[in-house]
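So you can see what is in the structure, the chains are spelled out below.
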Amino acid sequence: RETSSDNEVVFMLATEDTRPQLSDLMCGLEKRGRSSGGVVGAVASSVTTLHKPKLFIAQWSGNEWAKYDKLTSGVVGLALKGNIALQTVLARSCVPVGPMFEVKEANKREIMSLKMAPFHSDDPVASSVTSSPLEQLDAVLKALPTDQSYSLKRELLVGMVPESPSVLSKAGASSIFDSAQFYSQKPIAFDPMTGSITVSCLPEPLQTNSESESPQAESGQTFQFCVRDTPTARQDLQEASESLRSMLQNIKDDQSTANDDHPLAVLMFGSMERGNKVFRYQSWESRQMYQSIKDTGFAASLPLAGLFSSGAFTNRLSTASSKEGATTAAVLEADTLYVLLSEQSSKPVPSAGSVVREEKQAVLKISDILTAVEKRMFDDSEDGVIVTKRDPESAHPVRVASMDYFIPEKIPQPSNFLESLVWDREKEVDKMRERFQLARALALAKAAAGKFPSRDLNKILRDIKLRNKLLSAGGVETPPLMIEVLRASVNNGKLTRYLDTSTNDGYAAYSQFPGDCAAAVEASDFAVNIAAIGCNVDSGTFRGQYEDLEVIKKRTKTLPVFCNDFVVYAYQLFNAKSSGADAVKLMCSVLSVQEVSYLVKIGRAIGDLMCVAVVSSKSQLLELLAPGAVPGLQAVSISSRNMRLWKVDPRKAERILSDPQVQQAIAEKRKENPDFLVFQEAFADKEELAVAQKNGVDAVFLGEELLVGGEDGRGIVKAIQEWLL
């Protein structure tokens, strides 16, 4: 039909086979003036791989639906005509991997050859070599550690931007993400004969004079391999939620000034590639959207809708790096798109990009503090064991000739964030047990006493307490600190400069980072208040390894070394002991009291490996300290962390320690064993350290807290100094 002067917002649902033509369709609608208000939509998905997604269209006639059609191909569209404004907010879920590449040869959407950006290599020969995308991908995979290489193979995404690498470099862009037109997508085809990669759509809007021409890849554009990343997804989701909240608040402020503008609806286009796979919890994104709307007072009056799809698409894309009024045709296969429909205002509305930029100036890293809503919805005050053991036989792959297949519907989904972390760790340990047999690990653990003499944590704590008592003179002193060295964390970011293993220098920095930190801490002015130092050996989220323990042990002289791990097998205790650990953490949210008791016995048997039981609720602590429950237990650590979400619940440990039943149980345990230790971990601010000291804890753990703001160049010594009282 003919267009009018009113804005037209077009909403579409597309089938999978039309994905390659969506960019053409959006650009064509825009050129013909059929989408003056913008286009949004999604690619239909199915909950099972055994059925092809379908669309349906029907017309209401009288009091019943008529002209009902079911489609397995094509596009269904709906034009919303009127004084409508469309704003979008994008939340990404990936990080770039390896160098940026320049497209040298392309055939429409098929990328034929790439050349490494010259500023990524000191070798002029390497940067001048042009080869196929699959050859470049193989080089990137070989330069990565085994775990990261495995992740890239499973979670490969690619991105392109119309600017060349040299243009991005001159503009001061630190990565491909700084381009307004970058977005990630899954490759739709690989050609093993030519080594080419075909993408479903291109980031550049139609810039041709002919209405029949379609966007196509051109020489000089920038290409980047990417991998799905949970911390990035959580950070971008928080920024997107803040952006949506700010846009709604602006409209609310306009209403207070006698402006008739009001929001019409909010839509969320979630990706099937996110959800539990990224956030490890059901309905996480929709809850964030609802909370943003609730905070602005529109929850009761604003219609909400959403869907999970195989990819959202839009030609009005606003991101943290987009400019005012930026337009692009994009299919967002691994990202989430928020859409705000409101009345067209004569007053300019701040773009989502400007809102997010202001937020980034105020917050360096995503906060891991539990919100009031999360605390109410995910209360864990009475939790016991919340992790079920992974069933290794579920969704077992079936081998047919040279192909493996399995039924995705049989794959179990974790019920909380901790469970997802433990399942991932369990799979890693299973692979280790296949390569390094249990009997050999046990033999090395028993022989570790000769290689790594034990260091007495109790003696060091007694010396620190005596010194602090003599010097404090009645003032508030910092309790003894137990420092955990981390390269990455779930919520507080990561030290990317220590994660690049693509070069020899990068791998050397990666390997020596824990030892350098430990040596710096032991040589610092506050070393007299350090009781122990350790690391997390989880190679997935925390990017650690057992070798880190050995490096720390060799680089320190007197400090005991502790191992933090998601322990599910005694095998992990053997590896920790043989790597030089003097203590290891056991999580009571993962292990039952009987399992903790068994592992404590194992720790004593292999050479006095101290087991520290970590509890996060009153019920866990009382069950653990019950008479005869865990004979020989030497230490317990009370955590303020909400284990379901892996976020800090401020003052939670204080509430547990101040409970009369808990105080009585600890007193009886110390009467039974005078050397019994009580630790505390997971702090929201350093004022909690003073409270911990008054509550009589023997020492406190600092780990993820030290990563906040870690990308600004400060070292671990400076980070610890900020927490000293």
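In this text the structure is predicted, and so the values were computed from the model without any measurement. (Residues numbered from 1 in each chain as written. Predicted model: local features only at pLDDT ≥ 70, side-chain atom pairs only at ≥ 80, totals over all residues. Heavy atoms only, no water.)

Novice: It is not clear to me how the overall build of the protein should be interpreted in this structure. Could you clarify?
Specialist: A count of helical and extended segments in the protein gives 23 helices and 31 strands. For the protein, with 725 residues in total, the buried portion stands at 53%. A fraction of 75% describes how many contacts in the protein between residues 6 or more apart in sequence connect residues 24 or more apart. Approximately 32000 Å² of the protein is accessible, and the part contributed by carbon and sulfur atoms is 52%. (Helix = DSSP H or I, 4+ residues; strand = E, 2+ residues; numbered from the N terminus. Buried < 20%, exposed > 50% of the residue type's maximum accessible area, 1.4 Å probe, protein only. Contact = heavy atoms within 4.5 Å. Areas by Shrake-Rupley, 256 points an atom, 1.4 Å probe, with all protein chains shown as cover.)

Novice: Looking at this structure, how should I read unusual backbone geometry?
Specialist: Leaving glycine out, the prevailing phi sign among residues is negative, and the prevailing peptide bond configuration is trans. Positioned with a positive phi, arginine 543 is a non-glycine residue whose angle comes to about 55°. Structurally, arginine 543 is set in the loop between strand S23 (530-536) and helix H16 (546-555).

Novice: Where do I start with the pattern of salt bridges in this structure?
Specialist: According to the stated counting rule, one finds 27 salt bridges in the structure shown. Members of the salt-bridge network, linked through shared partners, are Arg651, Glu654, Asp685 and Glu688. (Salt bridge = Lys/Arg side-chain N within 4 Å of Asp/Glu carboxyl O.)

Novice: How should I be thinking about helix H21 (residues 660-672) in this particular structure?
Specialist: What sets the pattern is the α-helix's 3.6 residues per turn: residues three or four places apart point alike. The first and last C-alpha atoms of H21 sit 18 Å apart over 13 residues, in line with the 18 Å expected at 1.5 Å per residue. For H21, the set of buried residues is Val662, Ala665, Ile666 and Lys669. What you see down the axis of H21 is that its buried residues fit within an arc of 95°, all on one side. Opposite its buried face, H21 presents the exposed residues Pro660 and Lys671, each directed more than 90 degrees away. (Expected span 1.5 Å × (residues − 1). Arc of directions from axis to C-beta.)

Novice: Just checking my understanding: could you explain the environment of leucine 586 for this structure?
Specialist: Looking at where leucine 586 falls in the secondary structure, it is placed in strand S25 (residues 583-587). Taking the C-alpha atoms as reference points, leucine 586 and valine 612, 26 residues apart in sequence, are found 5.9 Å from one another. Sequence-distant contacts of leucine 586, that is, excluding residues within four places in its chain, are made with Val567, Leu573, Leu591, Val596, Leu599, Val600, Cys611, Val612, Ala613 and Val614.

Novice: Would you mind going over the state of the cysteines with me for this structure?
Specialist: Linking two cysteines covalently through their sulfur atoms gives a disulfide. Going through the model one piece at a time under the given rule, you end up with zero disulfides. Just so you know, cysteine 226 is unpaired, no disulfide at all, and the nearest cysteine sulfur is the one on cysteine 94, 4.4 Å from it. Relative accessible area serves as the criterion here: at 0%, cysteine 226 is assigned to the buried category. (Disulfide = S-S within 2.5 Å.)

Novice: I'm lost on the pairing of strand S26 (residues 610-615) in this one. Help?
Specialist: Across a regular strand the side chains alternate sides, sitting on one face of the sheet and then on the other. The element S26 is largely enclosed, with a buried count of six among its six residues. Burial along S26 is two-sided: Met610, Val612 and Val614 facing one way and Cys611, Ala613 and Val615 facing the other are all buried. Judged from the five bridges that link them, S25 and S26 form a sheet pairing that is parallel. For lysine 585, the partnering residue across the bridge sits in S26 and is valine 612. The parallel pair S25 and S26, bridged by helix H18 (residues 593-605), forms a crossover whose chirality is right-handed. Pairing analysis gives four bridges linking S26 to strand S27 (residues 635-639), with the strands arranged parallel. From the neighbouring strand, valine 615 faces S27, where its bridge partner is isoleucine 638. (Pairing = 2+ DSSP bridges. Right-handed = clockwise from strand over helix to strand, strands pointing away.)

Novice: So what exactly am I meant to see when it comes to the sheet that holds S23 here?
Specialist: The strands that make up a sheet are held in pairs by hydrogen bonds between backbone atoms, and each pair lies either parallel or antiparallel. The strand order around the closed barrel built from eight strands is S22-S23-S24-S25-S26-S27-S30-S31, with neighbouring strands paired in parallel fashion. Taking the axes of each pair of neighbouring strands and ignoring which way they run, one obtains an average angle of 25° across the sheet. With four bridges connecting them, S23 and strand S24 (residues 561-564) associate as parallel partners. Pairing of isoleucine 533 across the sheet is with valine 561, part of S24. (Axes fitted to C-alpha atoms, helices over the stretch in contact; angles between N-to-C directions.)

Novice: Quick question: what am I supposed to make of the sheet that holds strand S15 (residues 263-271) here?
Specialist: One open sheet holds the four strands; their spatial order is S6-S19-S15-S16, and the pairing between them is mixed. Whereas interior strands pair on both sides, the edge strands pair on one side only; in this sheet they are strand S6 (84-91) and strand S16 (304-309). On average, each strand axis in the sheet is tilted by 15° relative to the strand beside it, whichever way the strands run. Sheet topology places S15 next to strand S19 (residues 336-343); six bridges connect them, and they run antiparallel. What sits directly across from leucine 267, in S19, is valine 339. Against the sheet, helix H8 (residues 284-295) contacts S15, S16 and S19, and its axis sits at roughly 160° relative to S15.

Novice: How should the side chain of serine 511 be read in this particular structure?
Specialist: Within the element layout of this structure, serine 511 appears in helix H15 (residues 504-522). Here serine 511 is in contact with Arg487, Asp548 and Val551, once residues within four sequence places are set aside.

Novice: Would you mind going over H15 with me for this structure?
Specialist: Spanning 19 residues, H15 covers 27 Å between terminal C-alpha atoms, matching the ideal 27 Å at 1.5 Å per step. A bend of about 50° at glutamine 512 is the largest found in H15, and the proline proline 514 appears one to four places after it. Within the sequence span of H15, burial applies to Gly506, Tyr510, Ser511, Phe513, Pro514, Gly515, Cys517, Ala518 and Val521. The inward-facing, buried residues of H15 abut strand S22 (481-485), S23, H16 and helix H23 (716-721). (Bend = angle between axes of the 7 residues up to and from the residue.)

Novice: For this particular structure, what's the right way to read the nonpolar core?
Specialist: Side chains of nonpolar character tend, in soluble globular proteins, to be buried together. In this structure, Leu418, Leu573 and Trp646 are the most contacted members of the largest nonpolar core, which totals 87 residues. Contact partners of tryptophan 646, with chain neighbours within four places excluded, come to Phe417, Leu418, Leu421, Val490, Asn491, Phe542, Phe566, Met587, Arg641 and Glu704. Counting residues in hydrophobic clusters, the runner-up holds 23 residues, among them Leu237, Trp284, Met289 and Ile293. (Core = buried A, V, L, I, M, F, W, Y, C linked by side-chain atoms within 4.5 Å.)

Novice: Would you take a moment to explain the packing of aromatic side chains for this structure?
Specialist: What characterises a pair of aromatic rings is the spacing of the ring centres plus the angle enclosed by the ring planes. All chains considered together, the criterion is met by eight aromatic pairs. Ring centres 5.1 Å apart and planes at 80° place the aromatic pair phenylalanine 562 and phenylalanine 701 in the edge-to-face group. In this pair, phenylalanine 562 is assigned in strand S24 and phenylalanine 701 in strand S31 (residues 699-702), connecting sequence segments 139 residues apart. A relative accessible area of 3% places phenylalanine 562 in the buried class. Feature note: the residues Phe101, Phe223 and Phe225 constitute an aromatic cluster, connected by ring pairs. Taking the ring centre of tyrosine 569 as reference, the NZ or CZ of arginine 433 above it sits at 4.3 Å. (Phe/Tyr/Trp six-rings, centres within 6.5 Å; stacked < 30°, edge-to-face > 60°. Lys NZ or Arg CZ within 6 Å of the ring centre and 35° of its normal.)

Novice: Can you help me understand the packing of helix H17 (residues 570-578) against H18 in this one?
Specialist: Put simply, H17 and H18 touch, their axes get as near as 10 Å, and they point 30° apart. The angle between H17 and H18 falls in the class roughly parallel. Every pair of crossing elements has a handedness; the one defined by H17 and H18 is right-handed. Residues Ala570, Leu573 and Phe574 of H17 pack against Tyr598, Leu599, Ile602 and Gly603 of H18. (Parallel < 35°, antiparallel > 145°, perpendicular 65-115°, else oblique. Left-handed = near helix turned anticlockwise from the far one by under 90°.)

Novice: Would you take a moment to explain a nonpolar patch on the surface for this structure?
Specialist: Together, Leu466, Leu470 and Leu471 line one region of the surface with nonpolar side chains, adding up to about 350 Å² of accessible area. Given a relative accessible area of 52%, leucine 466 falls into the exposed group. (Patch = residues over 30% accessible without salt bridge, like charges linked within 9 Å, V, L, I, M, F, W, Y side chains within 5 Å.)

Novice: Would you take a moment to explain the environment of leucine 157 for this structure?
Specialist: With respect to the helices and strands, leucine 157 occurs in strand S10 (residues 156-161). Sequence separation between leucine 157 and glutamine 224 is 67 residues, and the spatial gap between their C-alpha atoms is 8.7 Å. Setting aside chain neighbours within four positions, we find leucine 157 in contact with Cys94, Ser184, Gln185, Lys186, Gln224, Phe225, Cys226, Arg228 and Ala334.

Just geometry here; none of it tells us what the structure is for.
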